[in-house]
Amino acid sequence: MLDIVRLRILAAVAAHGSVTKAAKHLKYSQPAVSHHLARLEAETGARLVQRIGRGIRLTPEGEHLARRAAEIVGRVDTAAAELSAMVGLRTGRVRVAGFQSALAALVPHAAARLRRDHPGIELHLADAHPQVALNLLRDGQIDAAIIFRYDDTTPDDIRVTHLFDDPMHLLSLEPGQTLLDHRDSAWIAGCENCRREFVDACGQAGFIPQIVYTSDDVIVEQALVAAGMGVTTIPGLALRTHRAPGIEATPLPDFRRRVYLATYGDPPDPPATAAFIEALHHTVQQTRPGEPVRPDQAPS
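The rules behind each value
Residues numbered from 1 in each chain as written. Predicted model: local features only at pLDDT ≥ 70, side-chain atom pairs only at ≥ 80, totals over all residues. Heavy atoms only, no water. Pairing = 2+ DSSP bridges. Helix = DSSP H or I, 4+ residues; strand = E, 2+ residues; numbered from the N terminus. Core = buried A, V, L, I, M, F, W, Y, C linked by side-chain atoms within 4.5 Å. Buried < 20%, exposed > 50% of the residue type's maximum accessible area, 1.4 Å probe, protein only. Contact = heavy atoms within 4.5 Å. Domains from an automatic or database assignment. 1 Å grid on protein atoms, 1.4 Å probe; cavity = no way out; pocket = protein on both sides within 12 Å on 5 of 7 lines; lining within 4 Å. Points joined across faces, edges and corners; volume = space filled by probe spheres on them. Phe/Tyr/Trp six-rings, centres within 6.5 Å; stacked < 30°, edge-to-face > 60°. Lys NZ or Arg CZ within 6 Å of the ring centre and 35° of its normal. Salt bridge = Lys/Arg side-chain N within 4 Å of Asp/Glu carboxyl O. Axes fitted to C-alpha atoms, helices over the stretch in contact; angles between N-to-C directions.

### Some remarks on the pairing of strand 6 (residues 159–172)
Both faces of the sheet carry side chains from a regular strand, because those side chains alternate between them.
Step number 1: Bridge count for strand 6 against strand 10 (residues 248–263) is 12 bridges, and the pairing is antiparallel. Looking at strand 10, one finds that Arg-159 is bridged to Thr-263.
Step number 2: Where strand 6 lies against strand 9 (residues 232–235), four bridges are found, and the strand directions are antiparallel. The residue bridging Leu-170 from the neighbouring strand is Thr-233, located in strand 9.

### Thoughts on the nonpolar core
Step number 1: In this structure, Ile-146, Leu-163 and Leu-280 are the most contacted members of the largest nonpolar core, which totals 27 residues.
Step number 2: When residues of this core are traced back to their parent elements, those giving at least two are strand 3 (92–98), helix 5 (100–105), helix 6 (107–117), strand 5 (144–149), strand 6, strand 10 and helix 11 (271–287).
Step number 3: The element best represented in this core is helix 11, accounting for seven residues.
Step number 4: When sequence neighbours within four positions are dropped, the list of residues in contact with Leu-280 reads Leu-106, Ala-110, Ile-146, Leu-163 and Leu-261.

### Here we look at the domain arrangement of the chain
Step number 1: Looking at the assigned domains, one finds that the chain contains domain 1 (4–82) and domain 2 (90–291).
Step number 2: Distance between the C-alpha centres of domain 1 and domain 2: 60 Å.

### As for the layout of surface pockets
Here the idea is plain: a probe the size of a water molecule rolls over the atoms and shows the empty space left.
Step number 1: In this structure, the largest pocket spans a volume of roughly 950 Å³.
Step number 2: What lines the largest pocket is a set of 35 residues, and nearest its centre among them are His-129, Phe-148, Tyr-150, Cys-194 and Arg-257.
Step number 3: Looking at the lining of the largest pocket, the elements that each hand over two or more residues are helix 5, helix 7 (130–138), strand 5, strand 7 (186–189), helix 8 (196–205), helix 9 (218–226), strand 9 and strand 10.
Step number 4: A per-element tally of the lining of the largest pocket places strand 9 first, with four residues.

### Considerations on the environment of Glu-278
Step number 1: Here Glu-278 lies in helix 11.
Step number 2: Note: C-alpha distance between Glu-278 and Asp-200 (78 residues apart in sequence) is 35 Å.

### Remarks on the packing of aromatic side chains
Step number 1: Applying the stated criterion across every chain, the model contains five aromatic pairs.
Step number 2: Aromatic rings pair up to connect Phe-99, Phe-148, Tyr-150 and Phe-255 into one cluster.
Step number 3: The aromatic ring of Phe-148 is capped on one face by Arg-257, whose charged end is 4.5 Å from the ring centroid.

### With respect to the pattern of salt bridges
Step number 1: Applying the stated criterion across every chain, the model contains 16 salt bridges.
Step number 2: In this structure, Arg-6 engages Glu-43 in a salt bridge whose closest nitrogen and oxygen atoms are separated by 2.3 Å. You can see Arg-6 sitting in helix 1 (residues 4–16) and its partner Glu-43 sitting in helix 3 (residues 30–44), a full 37 residues away along the chain.
Step number 3: A relative accessible area of 32% means that Glu-43 is categorised as partly exposed.
Step number 4: The residue Arg-149 makes a salt bridge to Asp-151 at a minimum N-O spacing of 3.9 Å.

### Observations regarding unusual backbone geometry
Phi is mostly negative for residues that are not glycine, and the peptide bonds are mostly trans.
Step number 1: A cis geometry characterises the amide bond from Pro-267 onward to Pro-268, with omega recorded as 0 degrees.
Step number 2: Residue position: Pro-268 is located in the loop between strand 10 and helix 11.
Step number 3: Residue Lys-27 is not a glycine yet carries a positive backbone phi of 60 degrees.
Step number 4: With respect to the helices, strands and loops of the structure, Lys-27 is situated in the loop between helix 2 (19–26) and helix 3.

### Looking at the sheet that holds strand 3
Two pairing modes exist for strands in a sheet, parallel and antiparallel, and in both the strands are linked by backbone hydrogen bonds.
Step number 1: Strands sit in the order 4-3-5-10-6-9 across an open sheet of six strands; the sheet is mixed. Two strands close off the open sheet at either side, each with one partner strand: strand 4 (121–127) and strand 9. Going across the sheet, the axis of each strand differs from the next one's by a mean of 25 degrees, ignoring polarity.
Step number 2: Pairing geometry for strand 3 and strand 4, over seven bridges, is parallel. Pairing of Val-96 across the sheet is with Leu-125, part of strand 4.
Step number 3: Along the sheet, helix 7 makes contact with strand 3, strand 5 and strand 10, crossing strand 5 at roughly 145 degrees.
Step number 4: Those strands touched by helix 9 are strand 6 and strand 9, and its axis lies near 140 degrees from that of strand 9.

Below, the structure written as structure tokens:
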């Protein structure tokens with residue numbers, strides 16, 4: 001095994017043409033440089049330097065190894081600089097997937113803070129349903145995922161941090177109503193794969209909803225409610241991204257989803273990922289997305 005320190009010394013001798021100049025450049029004593037050259041010759045079994053008068057010159061073997069040493073030292077120095085930049089968060093990359101309302105209401109604030117504190121970090125975003133995001137996380141295609149679940153269970157192989165509870169709201173034209181008040185109303189609901197928890201909530205209230213419109217778009221859902229075409233339920237986080245004029249949003253007790261930040265693999269997280277996580281936690285603390293939003297606070 002070749003010693004990197006001795007390779008660095010040999011490369012310096014070749015670059016500066018003498019032991020004295022190499023020692024000055026490396027801030028070593030001249031005897032220390034001579035000692036390391038002798039040890040390198042012993043390690044390689046090759047004669048690397050030849051004394052000429054009061055100086056030395058490299059043998060053909062020494063010149064060959066010196067060229068390789070310069071390449072090796074250069075790569076080591078580059079790797080060290082790159083790693084130092086990553087650890088110091090001067091550069092880096094973090095890939096994040098999340099559901100639509102989180103990307104709209106939370107991530108822009110976190111991204112702005114990340115760019116302000118660590119401008120060298122590249123942030124890549126993907127819009128993905130929680131299950132898709134978890135699969136991307138397991139496959140190593142993303143570094144973190146913002147997901148939601150309607151119960152308290154989480155995957156065993158994923159590290160999750162609870163961010164906040166996102167209360168569900170009944171959207172209608174009248175304030176203060178309940179699910180049961182609309183047992184005979186037309187309902188707007190998400191796709192077959194997205195409505196199970198809503199149907200279960202209605203069942204617990206004592207009725208089976210009459211779903212006449214299907215949409216996963218919060219703008220379409222709210223427009224239909226505003227037009228008197230039906231009622232729907234929507235998470236509070238989605239209300240922060242869009243709120244149509246004329247609709248009433250009533251929080252539903254005991255009907256909420258839990259929002260998590262998910263990562264994969266053993267801790268600690270890579271520095272760029274950890275920086276994004278810190279920015280996201282700060283955003284949650286500042287915006288308090290789990291709290292009710294008044295009509296004058298929500299965008300239209």
